[in-house]
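A look at the structure
The chain contents come next:
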There are 2 protein chains.
Amino acid sequence: MAATMADVARVARVSKKTVSNYFNGYRYMTADTRSRIEAAIVELNYKLNLSARSLSSGRTGTIALAIPEIAHPYFAELAEAVVSAAQRRGMSVVVEVTAGQHDQELSVLRGTRGRSVDGLIAHPIALGASDIDSATVDIPVVLVGDRVHSGPFDFVTVANEQGAYDMTRFLFEHGRRRIVALGMEESPVPTAAAQRFDGFRRAHHDAGVEMVPELLVGPIPWNRLSGAEAIARAIDAGLEFDAVFGLNDAIALGAMAELQRQGLTIPGDIAVAGFDDVEEAALAFPPLTTVDSGREWIAETAVNRLVELIEVGASEEVPTVTVASHSVKYRASV
Amino acid sequence: MAATMADVARVARVSKKTVSNYFNGYRYMTADTRSRIEAAIVELNYKLNLSARSLSSGRTGTIALAIPEIAHPYFAELAEAVVSAAQRRGMSVVVEVTAGQHDQELSVLRGTRGRSVDGLIAHPIALGASDIDSATVDIPVVLVGDRVHSGPFDFVTVANEQGAYDMTRFLFEHGRRRIVALGMEESPVPTAAAQRFDGFRRAHHDAGVEMVPELLVGPIPWNRLSGAEAIARAIDAGLEFDAVFGLNDAIALGAMAELQRQGLTIPGDIAVAGFDDVEEAALAFPPLTTVDSGREWIAETAVNRLVELIEVGASEEVPTVTVASHSVKYRASV
DNA sequence: GTGAAAGCGCTAACAA
DNA sequence: TTGTTAGCGCTTTCAC
């Protein structure tokens, strides 16, 4: 039988409440009391029963992170950042995988799934604005990711448009003029792809560079293989270009590999740029110039905001939308 | 104020116990009772309070997964597999990141860290056998990974030696004779690298092929960049070889990229093989031949075993060691 | 098949 | 600064 707080209290010759105070960082306690308690804890190998604490305090000390998958570089790195930010604030993280399925994302936002947690950070990719309005979770929620939803929740988002704008301008500054946009997508819904493409377009406009329709390739799946195949088709079609902007790093890395396979040099013949700054970007050959979309900052901000909401009780706070700061990571591929 | 079970009972005109039965899948219940309970649950938007359930049942329905990092393809994929295996068994997963730090891994095994969970799956990389003996967790534990420890815990492990053996034989069968072993390590401790190298050596012996010392490269860090640099050095040194066996996929992928950059064709000039079968292996150019080390199976087995231990109470069960089945994934790089 | 009562181990008022 | 007293909401006997 595991020791309880009452046992500790008895051994330390204090009351349960005093032991409880000890665990909750109550400051006013004589050194003698404190050390008696500590000795008792060691003697009994006592561990707080967190279920009991949760029941009685209404807090679990755990937050949920709902993402489409873990085994994708971007989400894996996001999850890592969230877990470590949470760890720093003394919280644990339960990871829920939604597989990017509409119904699973919805059930997360309706609270019909998963454990009881104090708050939720979710990165939906299949939900529309109306879905989000229909959410019925009764805990604080911070949404994270690419798409800007209206809705009752806080949102921490990537600077998709501005990031793509900056990168495009950057390529112009390096003398490139005919840039293939790989993964481009025009859509009424502000998907990440659409927003990034908007930035690409605006940069052309501002720089007075004509945007060549043939160079706009997409939509394609956001993975390495698609990037390689798409650029291969572009070459086969006889397109002329001096740069490739993959709308995420996976696409860019795939394209870069294929260009090299075909004997082109990078950045000699073609400059290549990506978006996200996944860890692999810096390890590629050559290292990939990309947009650091602020993953770490997003994770940190989302966790901090969530903890705030949990502490104030999420009451009548007005939902905030925060856009992560971003920056161009200049590496040898440009 | 959230509804409680007593509210549901009142509205459904049954006792609390009956509602509890409903949630615990108790089978004997009239259809009428059941539907009254269901109506009450909907009416009150009732949700089970899991903290209370945990306190009273002694189960949390959550297991912890302790891994060195999330943002590494192998661990990300392992985590994904564990989460989905656990989900299938109705369990949630709290992910703890140990950063491969000795003290953090130790504190996980001492139970001085993290939430209260029903069981623990840990993949230690910095612990020695004596550390493991000194563990004091009072919940069931299943260890997972590369190194075979003795110790009081169940272990689910990768077939490092046999996998490397099979892959080496496979390369021989494809006519290769001078194979660079990239990431080789000889060590008294049975690290993954050392075990894989053992298999490499045994395959040479059994096939009667001489193992050329110059072709044994390592130890090197197990990432892409090291793989590329190491193979570049081998080429600079004028080594002659017809195949490269990266002791994990990252090394192999880095080497493959570098070989191609230097104008060699794969598998025409050089065959390349890896170990782990991370998702990216199949998407590389050319797709990478590798050893499927049974990650999914390991995750599934570890979760199943853990759930078993939780259910029987971990009592005096003898710890078991299970070696995952593995297979050579034949792809275009050989 | 269903009900009543007794805790699980902790926190939170409030008192001392 | 420390102690007392009630619960938190559920599961679990055991009786009906």
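Structure: see above.
Residues numbered from 1 in each chain as written. Chains lettered and ligands numbered in written order. Predicted model: local features only at pLDDT ≥ 70, side-chain atom pairs only at ≥ 80, totals over all residues. Heavy atoms only, no water.

Turning next to the packing of aromatic side chains. How two aromatic rings sit relative to each other is given by the distance of their centres and the angle of their planes. Residue and element names in this part refer to chain A. Scanning the model with the defined rule gives 12 aromatic pairs over all chains in all. Considering the side-chain rings of F197 and F200, the 6.1 Å spacing of their centres and the 25° angle between planes classify their relative orientation as stacked. Highlighted residues: F197 and F200, both in helix 9 (residues 192-207), separated by 3 residues, approximately one helical turn. F200 carries the same exposure label as F197, and that label is buried. Put simply, the rings of Y22, F23 and Y46 pair up and form one aromatic cluster. (Phe/Tyr/Trp six-rings, centres within 6.5 Å; stacked < 30°, edge-to-face > 60°. Helix = DSSP H or I, 4+ residues; strand = E, 2+ residues; numbered from the N terminus. Buried < 20%, exposed > 50% of the residue type's maximum accessible area, 1.4 Å probe, protein only.)

In the vicinity of DNA strand D there are 23 residues, among which S15(A), T33(A), M5(B), Y46(B) and S56(B) approach most closely. Measuring from a phosphate oxygen of DNA strand D, one finds a side-chain N or O atom of T18(A) at 2.9 Å. A distance of 3.1 Å separates a phosphate oxygen of DNA strand D from a polar side-chain atom of T30(A). Those elements that place two or more of their residues in the surface near DNA strand D are helix 2 (16-23) and helix 4 (50-57) of chain A together with helix 2 (16-23) and helix 4 (50-57) of chain B. Taken together, the residues that form the surface near DNA strand D break down as 9 nonpolar, 10 polar and 4 charged. (Near = heavy atom within 4 Å. Polar contact = N/O pair within 3.5 Å; in protein donor to acceptor, adjacent residues only side chain to side chain. Nonpolar A, V, L, I, M, F, W, Y, C, P; charged D, E, K, R; others polar.)

All names here are of chain A. In contact at an axis separation of 6 Å, helix 10 (residues 224-236) and helix 11 (residues 249-261) are set at 50° when each is read in the N-to-C sense. As summarised for this structure, helix 10 and helix 11 are arranged oblique, according to the angle between their axes. Between helix 10 and helix 11 the crossing geometry is right-handed. Taking contact as the criterion, the partners of R224, G227, A228, I231, A232 and I235 in helix 10 are, on helix 11, A250, I251, L253, G254, A255, E258 and L259. Across the contact of helix 10 with helix 11, the residue classes tally to 9 nonpolar, 2 polar and 2 charged. (Axes fitted to C-alpha atoms, helices over the stretch in contact; angles between N-to-C directions. Parallel < 35°, antiparallel > 145°, perpendicular 65-115°, else oblique. Left-handed = near helix turned anticlockwise from the far one by under 90°. Contact = heavy atoms within 4.5 Å.)

Residue and element names in this part refer to chain A. Burial of strand 5 (residues 154-157) is two-sided: the residues D154 and V156 facing one way and the residues F155 and T157 facing the other way are all buried. When strand 4 (residues 141-145) meets strand 5, the two strands line up parallel, connected through 4 bridges. From the neighbouring strand, V144 faces strand 5, where its bridge partner is V156. Looking at chain direction, strand 5 and strand 11 (residues 321-323) are connected through 3 bridges and run parallel. (Pairing = 2+ DSSP bridges.)

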